[in-house]
Amino acid sequence: MILVTGATGTIGSEVVRLLAARGEKVRALTRHPAKARIQPGVEVVRGDYLDPGSLEAAMSGATAAFLVGVPGPDTRHDEDLVAAAGAAGVGRLVKLSAIATGDPGVGPSGTWHVAGERAVRESGAEWVVLRPSSFASNTLSWAEAIRAGTPVPNMTGDGPQGVIDPRDVSEVAVRVLLDGQLAGRTYTLTGPETISVPGQTAVLAGVLGRPVTTRDLSPEETREHLLAWGLGAAQAEGILAGSAFVRRGGNAVVTDDVRQVLGRTARTYREWAQDNRAAFAAV
Ligand SMILES: NC(=O)c1ccc[n+]([C@@H]2O[C@H](COP(=O)([O-])OP(=O)(O)OC[C@H]3O[C@@H](n4cnc5c(N)ncnc54)[C@H](OP(=O)(O)O)[C@@H]3O)[C@@H](O)[C@H]2O)c1
């Protein structure tokens, strides 16, 4: 049985769907089982990273676990998740981390997954760390502006990134959850090419058949934008510094790791945009 945390989120929900479709026994963890939309046949358990007892109960009987933490300066939940897995004897741990983890150039957000990565590597279980680049689905936050015909906010200038389709992250997660031969490695997951925000809006304009413009945000505007999204002050500072890192070209990274695991190249941003065009369509 495979425990999936973050089971209602972007990556975890697809991991649950893919595992269930393969006939694997899956347990999905969420703080709100009553309102979680998880397909029939999947066991749903209540669990909260802030309640370690709930994590031990959720891990009980699992052979493998997919660990999705909450990004931010408080890393106790990652360590609590690994401790709960250890207490329950879970044999394989796959941690969702982030690209450039441990790189001092990224600023505070480069430290957010360090303790969790260390915990899984030192857990004694088979482990895999996944470090994806920026998700293509982050651009869903532009949908309202695009529908309204207003410029989308650009926090990263012309900085190119190896933007990855979240479906590829989930497919890789499923493979490494099921295949112990791929364990003991840190995979940096990117798309097949780098693309900047203006590059992404150009792709969207082509896919949607209408202009999509951007507006560069100053650091102060970026901070306000992130706080307005509901992020805490420390999270906002971390993302602000990370945005400056991207703007300087620090995240212009493309790897072959998706192909190494899945045996095919990663999807492009254009493929993601074509498959998600309905989200941007005028209502
Ligand atoms: N977005 C990117 O570009 C990007 C790039 C690289 C890495 N990452 C990493 O990806 C991870 C986020 O993954 P995602 O985007 O798939 O998640 P997401 O869509 O933001 O969803 C967050 C998930 O975390 C769960 N959660 C939040 N607080 C919780 C708590 N206290 N206890 C238990 N569960 C809790 C939520 O479950 P419930 O609300 O149902 O409880 C939800 O399933 C982060 O670690 C981030 O650093 C993101």
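Quick notes on the rules
- Residues numbered from 1 in each chain as written.
- Predicted model: local features only at pLDDT ≥ 70, side-chain atom pairs only at ≥ 80, totals over all residues.
- Heavy atoms only, no water.
- Buried < 20%, exposed > 50% of the residue type's maximum accessible area, 1.4 Å probe, protein only.
- Helix = DSSP H or I, 4+ residues; strand = E, 2+ residues; numbered from the N terminus.
- Pairing = 2+ DSSP bridges.
- Right-handed = clockwise from strand over helix to strand, strands pointing away.
- Axes fitted to C-alpha atoms, helices over the stretch in contact; angles between N-to-C directions.

Chemist: How do you make sense of the pairing of strand β2 (residues 26-30) when you look at a structure like this?
Modeler: Consecutive side chains of a regular strand alternate in pointing toward one face of the sheet and then the other. Among the 5 residues of β2, 5 are classified as buried, and the element is accordingly described as predominantly covered. Bridging between strand β1 (residues 2-4) and β2 involves 3 bridges; their strand directions are parallel. Note on β2: the bridge partner recorded for Val-4 is Ala-28. Handedness of the crossover joining β1 and β2 through helix α1 (residues 10-21): right-handed. Relative to strand β3 (residues 43-46), β2 is paired through 4 bridges, and the arrangement is parallel.

Chemist: Is there a simple way to think about unusual backbone geometry in this case?
Modeler: Phi is mostly negative for residues that are not glycine, and the peptide bonds are mostly trans. A positive phi angle, near 70 degrees, is found at Ala-100, a position not held by glycine. Position of Ala-100 relative to the elements: it lies in the loop between β5 (92-96) and α4 (114-121).

Chemist: Can you help me understand the sheet that holds β3 in this one?
Modeler: Neighbouring strands of a sheet are bound in pairs by backbone hydrogen bonds; such pairs are parallel or else antiparallel. On the basis of which strands lie adjacent, the open sheet formed by 7 strands has the order β3-β2-β1-β4-β5-β6-β8 and parallel pairing. Where the open sheet ends on each side, the last strands, each with one partner, are β3 and β8 (185-189). For this sheet the average axis-to-axis angle between neighbouring strands, irrespective of direction, equals 20 degrees. In this structure, strand β4 (residues 64-68) lies alongside β5, joined through 5 bridges in parallel fashion. Looking at β5, one finds that Ala-64 is bridged to Arg-92.

Interpretation in functional terms is not warranted from these geometric data alone.
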